[in-house]
Amino acid sequence: MSSRIHRLNATRLRRIPAAAAIAVGVVSGSASGAWAGDRADLPLGAGWRFHQGDVAPGKQGGPEAPAFNDRGWASVSLPHTWNHLGGTAQRTADYNATRGAGWYRLRFTPPASYAGRKVWLQFDGASINAEVWLNGVKLGVHQGAFGRFRFDATAALKMGKPNVLAVRTDNSSPSAAGSPTAEVIPMSGDFFLFGGLYRAVSLIATDPVHIDMMDSGGPGVYAHTASLDGAAGIEVDSRVTNDGAKTQPVVVKTAIVDAVGATVASDSQPLTVAPGAVAEPQQTLTVPNPHLWDGRSDPYLYQVVTRVETAQGQLLDQVTQPLGIRSFRFDPDQGFFLNGKHVALHGVSRHQDRPGKGWAISPADQAQDMDIMLDLGINTLRLAHYQHDQAIYDLADKDGVVVWAEIPLVNRTAPETPEGDKGVTSPGFAANAESQLRELIKQNYNHPSVVTWSIGNEVNLMAAAGHGVSNARPLLTRLNQAAYELDHTRPTTMADCCEPWPDQPKPGVDGVAEITDLLGYNRYQGWYYDKAEDLGPVLDRLHALHPRLPLAVSEYGAGGALSQHTDQVQAGASQGGVVYPKGHFHPEELESRLHEILVGAAEGAPLPLGHLHLDHVRLRQRQPDGGRYDRHQRQGPGLLRPYRQEGRVLLL
């Protein structure tokens, strides 16, 4: 029976029969983008000068001027952040939580062979805002701490000669008077926004006729599985740009290559691209008897190779990226299905910071995080609460981990004011949220691991805490529609903290359920409120409120410290305990006991919860399964491993 892919509308999951599947082909590049044989990539990681704070102009001008004297600045390499928050109860000597401007300058000489090419500066992440100058020419501004962005450097670049690159980053708090980040999400959150050039920077040279480099940081090639019935029909959409002065006839050749390098499908399409134009060829390739990407059991990856050639066969540009072929669907009563088989999803939420490094982490750090999480027994991962580095999505593809990807719309959906949240989403705020959603989807569209786009987390939390009012639904509806238009193959989701019960309305707090296709609930029974044993009944009641909506437990748990202990494991004084969740005493025994109860409640919940239980056991704090903020692990199996892994685990 054919499993045809449905183009989804605003009620797409609710109208798809249970037997239908959402299938997605995946194209994913390396951690710094999609590289090709005729492209040149010059990493710009070493030799930087850094100064924290703004600098008064000198005789040669300000720091953006090529002749500016930066000899007194610190020497740094990338990735870099000036913020250092420690990770212990005591602040270390290099503790630095300063938010504001940070200047970077780099002298470099590109190869003379770049002459006649288009050249791009690529930033994999700069926090929060970034202004970029090359040889005194301002290339542009980017607002948002998490997405990759590029600027056309061709006109300002001196080929084969010394160049000066200047970057002003700014991680000012949006609540500060006159802040340049006042309309840049997130407004706040339970995580620090580290400043600086905390991901890689590189210089990329292409032919004037090339696969688009200016598509919101995306690869310019986007593939999905259009059908899956014995053979897989793969639709590949490309963007070919002509930045030359003449009309260019080209041939777009796309091939799908298996894991041993054999071509299993190919297609060619001739077209003509006018100067300054972007052509968007669409190609359909058929893969016979496809080897499916099957999660943890068999994360098989193909590669999609798209070449742009002249009519005479000369290579102009090429992009090579992984492809995973799979189908999936969510059912409100039975949960998640991958390639027609039910899979109970269990995992963690992950933040990207480390003690001493903040966000300036290496590929080895990313790999270690994944190893720790796999050792816990995860098969799903929520990348909270923002776009992470490409390295972790690539690892999820290769390791068969299902991913919830998210934008940093956190706590409120409007700019902060001295009077609190007035519930008025400004045009600039909405535009920035949509821009960051576009970057998230464009840059990660092709990862087989990603199964859902999250448009927010606890967006009415501030209102629920008494800090103003929430009017989140208009912006969430707009973002949800934007996600549909950018990607019709995946459902949307979000995480809710504060949905009022129908019989217990909260003035100023709006409900946000049933805007997205899926919904996660962040529920901390036994920690911030209620008792741990209340989680199960709460989940039952939530499902009864939304019987056709696939639900998840997107956060739960408690804080914990290996250095703090008690034999009183109740959470609050009203329950006879000794712990206040917002205080400093978070004993290990309480955290472990709460997880014993909460895991049982989640596992015992009825099928309507969809088996998408994302255990909020973050690498930002001590974990009950042995992982800690410093990434050291305890000996022996952890609490959750028997629930998560196949085989037997002996607990003594």
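The preceding data block contains the structure.
Everything in this summary refers to the structure shown in the same document. (Residues numbered from 1 in each chain as written. Predicted model: local features only at pLDDT ≥ 70, side-chain atom pairs only at ≥ 80, totals over all residues. Heavy atoms only, no water.)

Description of the overall build of the protein
Rules: Each helix is a run of DSSP H or I of at least 4 residues and each strand a run of E of at least 2, with the numbering of both proceeding from the N terminus. The buried label applies to any residue whose accessible area, calculated with a 1.4 Å probe on protein chains only, is under 20% of its type's maximum; exposed applies above 50%, and partly exposed to all values in between. Per-residue accessibility takes into account occlusion by the displayed protein chains alone, with areas from the Shrake-Rupley method and a 1.4 Å probe.
A count of helices and strands for the protein gives nine helices and 33 strands. For the protein, buried positions account for 60% of its 652 residues. Of the roughly 24,500 Å² of accessible surface on the protein, 51% is carried by carbon and sulfur atoms.

What about unusual backbone geometry?
Each neighbour pair has its own omega, and for Leu78 with Pro79 the value is 5°, a cis peptide bond. Relative to the helices and strands, Pro79 resides in the loop between β5 (74-76) and β6 (101-108). The backbone of Asp530 shows a phi angle near 55°, a positive value even though the residue is not glycine. Within the element layout of this structure, Asp530 appears in the loop between β31 (519-522) and α7 (535-545).

So, the pairing of strand β22 (residues 315-323)
Regular strands place side chains that alternate from one sheet face to the opposite one. Keep this limit in mind: Strands were regarded as paired on the criterion that DSSP finds at least two bridges between them.
Within β22, seven of the nine residues are buried, which leaves it mostly tucked inside the rest of the structure. Strand direction decides the pairing type here: strand β21 (residues 302-310) and β22, joined by eight bridges, are antiparallel. Within β22, the position partnered with Tyr302 by the bridge is Leu323. Here β21 folds back onto β22, and the loop between the two strands holds four residues, one of which, Gly313, carries a positive phi near 95°.

Quick word on the nonpolar core
Definition in use: Take the buried Ala, Val, Leu, Ile, Met, Phe, Trp, Tyr and Cys residues and link them wherever side-chain atoms come within 4.5 Å; each set so joined is a nonpolar core. Contact criterion: two residues are considered in contact whenever any of their non-hydrogen atoms come within 4.5 Å of each other.
With 48 residues, the main nonpolar core has Leu381, Leu409 and Leu476 as its most contacted residues. Not counting chain neighbours up to four residues away, the residues in contact with Leu381 comprise Val348, Arg350, Met370, Met373, Ile392, Val401, Val402, Val403 and Trp404.

What to know about empty space enclosed by the protein
Let me state the cut-off plainly: With a 1 Å grid spanning the protein atoms alone, the term cavity applies to any set of points in which a 1.4 Å probe fits but cannot get out, the term pocket to an open set with protein on both sides within 12 Å along at least five of seven lines, and the term lining residue to any residue with an atom within 4 Å of a point. Grid points are joined across faces, edges and corners, and a volume is the space filled by probe spheres set on the points. Just so you know the grouping, Ala, Val, Leu, Ile, Met, Phe, Trp, Tyr, Cys and Pro go in nonpolar, Asp, Glu, Lys and Arg go in charged, and all remaining residues, Gly too, go in polar.
The full count for this structure, using the stated rule, is six cavities of 30 Å³ or more. Estimates place the volume of the second largest cavity at around 60 Å³. Along its surface, the second largest cavity is lined by 11 residues, and Asp124, Arg148, Arg199, Gln390 and Gln443 are the ones closest to its centre. Here the lining of the second largest cavity is built from residues that sort into two nonpolar, five polar and four charged.

A short note on the pattern of salt bridges
Cut-off, in case you're wondering: One side-chain nitrogen of Lys or Arg within 4 Å of one carboxyl oxygen of Asp or Glu is enough to make a salt bridge.
Considering all chains together, one arrives at 30 salt bridges under this definition. Across the pair Lys253 and Glu309 runs a salt bridge, and its minimum N-O distance is 2.9 Å. One end of the pair, Lys253, is in strand β17 (residues 248-257); the other, Glu309, is in strand β21, and 56 residues separate them in sequence. Overall, Lys253 belongs to the partly exposed group, its relative accessible area being 32%. Classification of Glu309 as buried rests on a relative accessible area of 5%.

Re the state of the cysteines
A covalent bond between the sulfur atoms of two cysteines is referred to as a disulfide. Rules: Two cysteine sulfur atoms form a disulfide, by the criterion used here, when they sit within 2.5 Å.
For the structure on display, the rule yields one disulfide. Through a disulfide, Cys497 is tied to Cys498; the S-S separation comes to 2.1 Å. As the torsion about the S-S bond is roughly -95°, the Cys497-Cys498 disulfide counts as left-handed. The same class applies to Cys497 as to Cys498, namely buried.

With respect to helix α4 (residues 427-444)
As a reminder of what qualifies: One fewer than the residue count of a helix, multiplied by 1.5 Å, yields its expected span.
Look at α4: 26 Å from first C-alpha to last across 18 residues, which is about the 26 Å you get at 1.5 Å a residue. Among the residues making up α4, those that are buried are Phe429, Ala430, Asn432, Ala433, Gln436, Leu437, Glu439, Leu440, Ile441, Lys442, Gln443 and Asn444. In this structure, the buried residues of α4 make contact with β9 (137-143), β14 (221-229), α3 (390-399), β28 (402-406), β29 (450-457) and α6 (473-486).

Quick look at the sheet that holds strand β16 (residues 240-242)
Pairing within the open sheet is antiparallel, and its three strands lie in the order β13-β16-β19. Pairing within the sheet leaves two strands with one partner each, and these edge strands are β13 (209-211) and β19 (278-279). Pairing of β16 with β19, which is carried by two bridges, proceeds in the antiparallel orientation. From the neighbouring strand, Thr241 faces β19, where its bridge partner is Val278.

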